[in-house]
Amino acid sequence: YLQTARLHREEGDPEWARRDETVARHEDAILSRHFGRTLEASGRALPAEAREHLAREAPFRENYQSPVSRGLVTGLTPRTVLIAWLAGLALLLPLTLLPVRRTSRLPPSTPRVD
């Protein structure tokens, strides 16, 4: 997103550049929080000057929702759990209607001892 922000700024579209910088800032914060040491060790962490630029130019939003992980399942909502339960019950319901064949454990010729 930082690269596309630069391209948008060069093309004279500051609104898109700001949007991309905002995404870059938040995605960097997410990656740094969860994979900070790995990023540093790999040499792929955002340079300090880039972070300073993003801190100045990109607004920080408390209710940020990542467009990068929009399609990932990272948690379950109560609605998702309810749908899963209902689907499970719908799949199990036909099993309750199947006839059950009961057989004795003892062969019929064996007399029972009380």
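Right above here is the structure, for reference.
The model shown is predicted, which means the values in this text are computed figures rather than measured ones. (Residues numbered from 1 in each chain as written. Predicted model: local features only at pLDDT ≥ 70, side-chain atom pairs only at ≥ 80, totals over all residues. Heavy atoms only, no water.)

Engineer: Now, about the pattern of salt bridges: what can you tell me, with residues and values included?
Structural biologist: Scanning all chains against the criterion turns up three salt bridges. The residue R9 makes a salt bridge to E21 at a minimum N-O spacing of 2.8 Å. Here E21 lies in helix α2 (residues 14-42) and R9 lies in helix α1 (residues 2-10), a separation of twelve residues in the sequence. Using a relative accessible area of 38% as the deciding quantity, one classes R9 as partly exposed. (Salt bridge = Lys/Arg side-chain N within 4 Å of Asp/Glu carboxyl O. Helix = DSSP H or I, 4+ residues; strand = E, 2+ residues; numbered from the N terminus. Buried < 20%, exposed > 50% of the residue type's maximum accessible area, 1.4 Å probe, protein only.)

Engineer: Hey, could you go over the packing of α1 against α2 for me, with residue numbers and the actual values?
Structural biologist: Orientation of α1 relative to α2, taken along the N-to-C sense of each, is 165°, at an axis distance of 8 Å. On the basis of the axis angle, α1 is roughly antiparallel to α2. Relative to α2, the crossing made by α1 is left-handed. Between α1 and α2, the contacting residues are L2, T4, A5, H8 and R9 on the first element and P14, W16, A17, R18, D20, E21 and A24 on the second. (Axes fitted to C-alpha atoms, helices over the stretch in contact; angles between N-to-C directions. Parallel < 35°, antiparallel > 145°, perpendicular 65-115°, else oblique. Left-handed = near helix turned anticlockwise from the far one by under 90°. Contact = heavy atoms within 4.5 Å.)

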